[in-house]
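Residues per chain, in single letters:
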Amino acid sequence: MHSVLLAFGVLCAYLVGCAPALADRRDVFLATPEGGQIAATLDRPDGQPAPVVLLLHGFGGDRHEMTVAGSEKGVFEHLAEALRKAGLASLRIDFRGVGESSGAFVDTTVGRQIEDAWLAVDWLAASDLVDGDRMAVLGWSQGGLVAAHLAANKPDLRSVTLWAPVISPARTAPRQLGARAYEVALASKPNRVITSYLPWGKEVRLRARFYQEAALYSSAGAIAHFPGPLHVVAARADTVIVPPVQSARSLLSAHRGPQNLTIVAADHVWNGLEGPDTLRVEVIPPTVSYILEGLAALN
């Protein structure tokens, strides 16, 4: 019954606006060890510092994520709005080399993205704008892989939500970036730049190091070390994370804490190229509800 009431409250606040909260939205810049910056957007209810959710974008995305058809907002902007209406703050970041952050995308590695996530965690913990003692994390696609590795070493997170997460980059990279590029990278010096193409034709330039480090990371291996609440959202028609539902279940099998699985009849981008309905009705409400449950359970 508690879950049902929470879900109804989230849906009501998001779709109808029955519990509006004034917005306090600002861009912030986090310092990196090499003297650069990570661009981020802090979105929070106006008033006292609220619990906060760190949002980690996917490969090729940015902190707002792809613009949803029929709206002028990115996926993470829709999510941040729903979190705010539920009384939660959020911080969404551009990984280094992406968006307004410093650095070059060619230097991207999973390890560096995990470092960026930790910089964001440290910033939130020190900020008086949010309640840094009550923090959750959500990652989408490769951001889910990053979130799982963050959680492995931060057991006090109130919950972890993984949207269509990469399970193993050693399996995903050859399929998405090309088996030939992966083979060449493994046989190259780490700094060599490898040019590949995503399935829809977009050119991607990454150093061989990205591919060579892929085998070091596993969402299932990482999430096994996180004892808190885990929510996995799988897209049944996903062609990036294959097989989608079985991959999600593998994470739940590895995890030993409270958990929940939501399966959505959607593609990897929650049918966002068609419109916002799937995201707004089937993905965001259970996501926000589970985050609220994690916060309530540990108060």
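Above this text is the structure in question.
Analysis parameters
- Residues numbered from 1 in each chain as written.
- Predicted model: local features only at pLDDT ≥ 70, side-chain atom pairs only at ≥ 80, totals over all residues.
- Heavy atoms only, no water.
- Pairing = 2+ DSSP bridges.
- Helix = DSSP H or I, 4+ residues; strand = E, 2+ residues; numbered from the N terminus.
- Axes fitted to C-alpha atoms, helices over the stretch in contact; angles between N-to-C directions.
- 1 Å grid on protein atoms, 1.4 Å probe; cavity = no way out; pocket = protein on both sides within 12 Å on 5 of 7 lines; lining within 4 Å.
- Points joined across faces, edges and corners; volume = space filled by probe spheres on them.
- Nonpolar A, V, L, I, M, F, W, Y, C, P; charged D, E, K, R; others polar.
- Salt bridge = Lys/Arg side-chain N within 4 Å of Asp/Glu carboxyl O.
- Buried < 20%, exposed > 50% of the residue type's maximum accessible area, 1.4 Å probe, protein only.
- Core = buried A, V, L, I, M, F, W, Y, C linked by side-chain atoms within 4.5 Å.
- Contact = heavy atoms within 4.5 Å.

Some points on the sheet that holds strand S9 (residues 230–235)
And step 1. Strand order in the open sheet made by the eight strands is S1-S2-S4-S3-S5-S6-S9-S10, with mixed pairing throughout. Only two strands of the sheet have a single partner each, and these edge strands are strand S1 (23–31) and strand S10 (259–264). Pairwise comparison of adjacent strand axes, ignoring direction, gives a mean angle of 20° for this sheet.
And step 2. In this sheet, S9 lies alongside strand S6 (residues 160–163) in parallel orientation, the contact comprising four bridges. Counterpart to valine 160 in the pairing with S9 is leucine 230.

Focus on the layout of surface pockets
And step 1. Of the voids in this model, the largest pocket is the one considered here, and its volume is about 680 Å³.
And step 2. Phe59, Ser141, Trp200, Val240 and His268 are the residues nearest the centre of the largest pocket, which is lined by 26 residues in total.
And step 3. Ranked by the residues each element gives to the lining of the largest pocket, the list is headed by helix H5 (residues 169–177), at five residues.
And step 4. Considering only residue class, the lining of the largest pocket consists of 14 nonpolar, nine polar and three charged.

A few points about the pattern of salt bridges
And step 1. Applying the stated rule across the entire model yields 17 salt bridges.
And step 2. Salt-bridge contacts for arginine 92 lead to aspartate 43; the nearest nitrogen and oxygen are separated by 4.0 Å. With arginine 92 in strand S4 (residues 89–93) and aspartate 43 in strand S2 (residues 37–45), this residue pair connects regions lying 49 residues apart in the sequence. Residues arginine 92 and aspartate 43 agree in their burial class; the two are buried.
And step 3. Among the salt bridges present, the one from aspartate 107 reaches arginine 207, with a minimum N-O distance of 2.6 Å.

Points about empty space enclosed by the protein
A water-sized probe, rolled over the atoms, reveals where empty space remains.
And step 1. All chains considered together, the criterion is met by two cavities of 30 Å³ or more.
And step 2. By volume, the largest cavity is sized at about 60 Å³.
And step 3. Taken together, Val166, Ile167, Ser168, Arg171, Thr172, Arg175, Ile241, Val242 and Ser247 make up the lining of the largest cavity.
And step 4. For the lining of the largest cavity, the element with the most residues is H5, which contributes three residues.
And step 5. Class assignment of the residues belonging to the lining of the largest cavity gives a composition of four nonpolar, three polar and two charged.

Things to note about the nonpolar core
And step 1. If you look at the biggest cluster of nonpolar residues, it comprises 63 residues, and the most contacted ones within it are Leu54, Leu56, Leu91, Ile93, Val160, Tyr211 and Ile223.
And step 2. Ranked by residue count, the leading element in this core is helix H4 (residues 142–152), at seven residues.
And step 3. Among residues more than four places away in sequence, those in contact with isoleucine 223 are Ala148, Ala151, Val160, Leu230, Leu251, Ala254 and His255.
And step 4. In this structure, Val68, Trp163, Val233 and Ile284 belong to the second largest nonpolar core, which totals 27 residues.

Describing unusual backbone geometry
And step 1. Proline 243 follows valine 242 through a cis peptide bond whose omega is -10°.
And step 2. With respect to the helices, strands and loops of the structure, proline 243 is situated in the loop between S9 and helix H9 (244–254).
And step 3. Positive phi, close to 55°, is recorded for tryptophan 270, a residue that is not glycine.
And step 4. You can see tryptophan 270 is positioned in the loop between S10 and helix H10 (277–297).
And step 5. Look at tryptophan 270 and you get buried, because its relative accessible area is 0%.
And step 6. The backbone of asparagine 271 shows a phi angle near 60°, a positive value even though the residue is not glycine.
And step 7. Residue classification places asparagine 271 among the buried positions, given a relative accessible area of 13%.

Re the side chain of histidine 149
And step 1. Note that histidine 149 resides in helix H4.
And step 2. With relative accessibility at 15%, the residue histidine 149 sits in the buried group.
And step 3. The residues touching histidine 149, leaving out its near neighbours within four places in the chain, are Ile114, Leu216, Tyr217, Ser218, Ser219 and Ala222.

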